[in-house]
Amino acid sequence: MNTPSRKLDHIEICLKRKVESSYSGFEDVMLIHKAIPEIDFDEIDTSVEFLGKRLSAPFLIASITGGHERAIEINKNLALAVEELGLGMGVGSQRAGMEGGNLESFTIVREFAPKAFVYANIGLPQVIKDVEIAEKAVEMIDADALAIHLNYLQEAIQPEGDRFSKGAYEAIEEVCRSLKVPVLVKETGAGISREIALKLKAVGVSAIDVGGRGGTSFSAVESYRCEGYKAEIGRDFWDWGIPTAYSIVECYDILPVIATGGIRNGIDLAKALALGAVVSSSALPFLKRALESSERVKELLEYYINGLKVAMFLTGCKSCEELRNVEIFISGKFREWLEVRGYDVPKICLKR
């Protein structure tokens with residue numbers, strides 16, 4: 001099956017089947033309620049600076065799709081919404097556009113979001129094979145940044161998967177040296193550990209999207225495309241990976257973090273920032289709405305942002321930077337994991 005057809009398969013599965021993994025780690029994080037906030041709701045400022053762009057709130061629509069006819073309407077509606085609200089988005093893997101897929105489904109994003117933060121997106125296996133593909137991806141959509149996505153869990157399950165990674169860091173380093181825009185590396189559902197984050201920083205990466213467990217499981221998605229024991233393996237690895245909240249703690253003091261994976265409301269978004277993320281993003285909740293209209297996408301974005309503002313008010317935070325330094329409480333499996341990893345849990349919770 002060619003790449004554009006495979007991307008359409010993924011969309012159909014995500015629309016019709018159960019694909020989310022369990023446990024993002026946010027379930028074990030509590031924001032501490034401030035009974036008297038000592039601020040006024042109207043003075044809360046959700047804006048942030050990220051990779052040289054000012055966003056009205058610390059939220060992006062994560063990469064969803066591209067390369068097929070149906071993606072034109074999806075990406076147009078996403079672009080219209082983020083442009084109007086002063087936010088940002090990523091495009092789906094541009095490999096599909098470079099292998100004979102629909103180019104308009106990618107170029108339409110900049111057409112309808114001329115000022116928004118938009119990142120290009122290409123897979124690490126493609127970069128390893130040809131580092132020049134990175135610049136082509138950026139030029140295709142006049143992107144503000146490039147995301148190199150890591151999806152080896154998906155590749156391992158996918159019937160057509162690219163299962164090679166030797167030379168990865170050298171390829172990423174060459175891309176970081178040659179591009180004029182920032183390079184971020186993003187996982188797609190299995191999280192990034194501290195060890196990997198340190199290596200990515202060393203080769204010049206500007207930011208990390210931890211893309212942790214708790215959102216869409218691409219092992220689950222691919223299990224629906226497989227048969228026999230291969231489908232079973234996909235189901236076995238449905239919940240594989242580092243939960244998003246854990247991955248934020250692993251990476252936030254190394255590089256600026258985008259928290260993706262199980263962000264389903266403004267409280268999740270606030271918890272991600274309180275753990276150390278700079279911005280957050282989500283994809284699956286926007287897919288169905290993007291097939292309806294830009295207004296439906298905008299409604300969901302406003303739900304996230306207004307939920308974030310309520311959480312900020314109830315923790316006494318006038319800015320996102322204050323929220324990143326607010327006290328929190330961590331319990332359950334998350335706390336146990338932090339202790340096993342040797343983290344100073346009181347320091348993480350009390351920000352001291």
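What comes next is a walk through the structure. (Residues numbered from 1 in each chain as written. Predicted model: local features only at pLDDT ≥ 70, side-chain atom pairs only at ≥ 80, totals over all residues. Heavy atoms only, no water.)

### Focus: a negative patch on the surface
For step 1, the next point in the chain: A surface patch of like charges, here negative, comprises D130, E132, E135, E139 and E174.
For step 2, the next point in the chain: The greatest single-element share of the negative patch, amounting to 3 residues, is contributed by helix α6 (residues 132-141).
For step 3, the next point in the chain: Within the secondary structure layout, D130 lies in the loop between α5 (124-129) and α6.
For step 4, the next point in the chain: For D130, a relative accessible area of 31% gives the class partly exposed. (Patch = residues over 30% accessible without salt bridge, like charges linked within 9 Å, V, L, I, M, F, W, Y side chains within 5 Å. Areas by Shrake-Rupley, 256 points an atom, 1.4 Å probe, with all protein chains shown as cover. Salt bridge = Lys/Arg side-chain N within 4 Å of Asp/Glu carboxyl O. Lys, Arg positive; Asp, Glu negative; His and termini not counted. Charge placed at Lys NZ, Arg CZ, Asp CG, Glu CD. Helix = DSSP H or I, 4+ residues; strand = E, 2+ residues; numbered from the N terminus. Buried < 20%, exposed > 50% of the residue type's maximum accessible area, 1.4 Å probe, protein only.)

### Here's the deal with the pattern of salt bridges
For step 1, the next point in the chain: Under the definition given, this model contains 23 salt bridges.
For step 2, the next point in the chain: The salt bridge partner of R341 is E250, with a shortest N-O separation of 2.5 Å. Residue R341 is located in the loop between α17 (332-340) and α18 (345-350), and its partner E250 is located in helix α12 (residues 244-251); the two are separated by 91 residues in the primary sequence.
For step 3, the next point in the chain: For E250, a relative accessible area of 1% translates into the label buried.

### Considerations on a nonpolar patch on the surface
For step 1, the next point in the chain: Together, M30, I32 and F329 give the surface a local cluster of nonpolar side chains, amounting to about 270 Å² of exposed area.
For step 2, the next point in the chain: With respect to the secondary-structure elements, I32 resides in the loop between β1 (29-31) and β2 (48-50).
For step 3, the next point in the chain: On the basis of relative accessibility, which here comes to 35%, the residue I32 falls in the partly exposed class.

### Considering the sheet that holds strand β8 (residues 183-187)
For step 1, the next point in the chain: What the 8 strands build is a closed barrel, ordered β4-β5-β6-β7-β8-β9-β10-β11; its pairing is parallel. Put simply, the sheet's adjacent strands are angled 25 degrees from each other on average, direction ignored.
For step 2, the next point in the chain: Against the sheet, helix α2 (residues 69-85) makes contact with β4 (59-61) and β5 (88-90), and its axis sits at roughly 155 degrees relative to β5, the strand it touches most. (Pairing = 2+ DSSP bridges. Axes fitted to C-alpha atoms, helices over the stretch in contact; angles between N-to-C directions. Contact = heavy atoms within 4.5 Å.)

### Topic: empty space enclosed by the protein
Remark: the empty space left among the atoms is shown by a probe the size of a water molecule rolled over them.
For step 1, the next point in the chain: One pass over the structure, following the stated rule, counts 3 cavities of 30 Å³ or more.
For step 2, the next point in the chain: What the largest cavity holds in volume is close to 610 Å³.
For step 3, the next point in the chain: Forming the boundary of the largest cavity are 34 residues, of which S63, I64, T188, F218 and A283 lie nearest the centre.
For step 4, the next point in the chain: Only α1 (3-16), β8, β11 (279-282) and α14 (284-290) provide two or more residues apiece to the lining of the largest cavity.
For step 5, the next point in the chain: Counting residues per element, the lining of the largest cavity draws most heavily on α1, at 4 residues.
For step 6, the next point in the chain: Grouping the amino acids of the lining of the largest cavity by side-chain chemistry returns 9 nonpolar, 21 polar and 4 charged.
For step 7, the next point in the chain: Around the second largest cavity sit R6, K7, S93, R95, G123, Q126, H149, N151, E155 and Q158, which together line it. (1 Å grid on protein atoms, 1.4 Å probe; cavity = no way out; pocket = protein on both sides within 12 Å on 5 of 7 lines; lining within 4 Å. Points joined across faces, edges and corners; volume = space filled by probe spheres on them. Nonpolar A, V, L, I, M, F, W, Y, C, P; charged D, E, K, R; others polar.)

### Observations concerning the side chain of T3
For step 1, the next point in the chain: The residue T3 is located in helix α1 in this model.
For step 2, the next point in the chain: A distance of 2.5 Å separates polar atoms of two side chains, one belonging to T3 and the other to E99. (Polar contact = N/O pair within 3.5 Å; in protein donor to acceptor, adjacent residues only side chain to side chain.)

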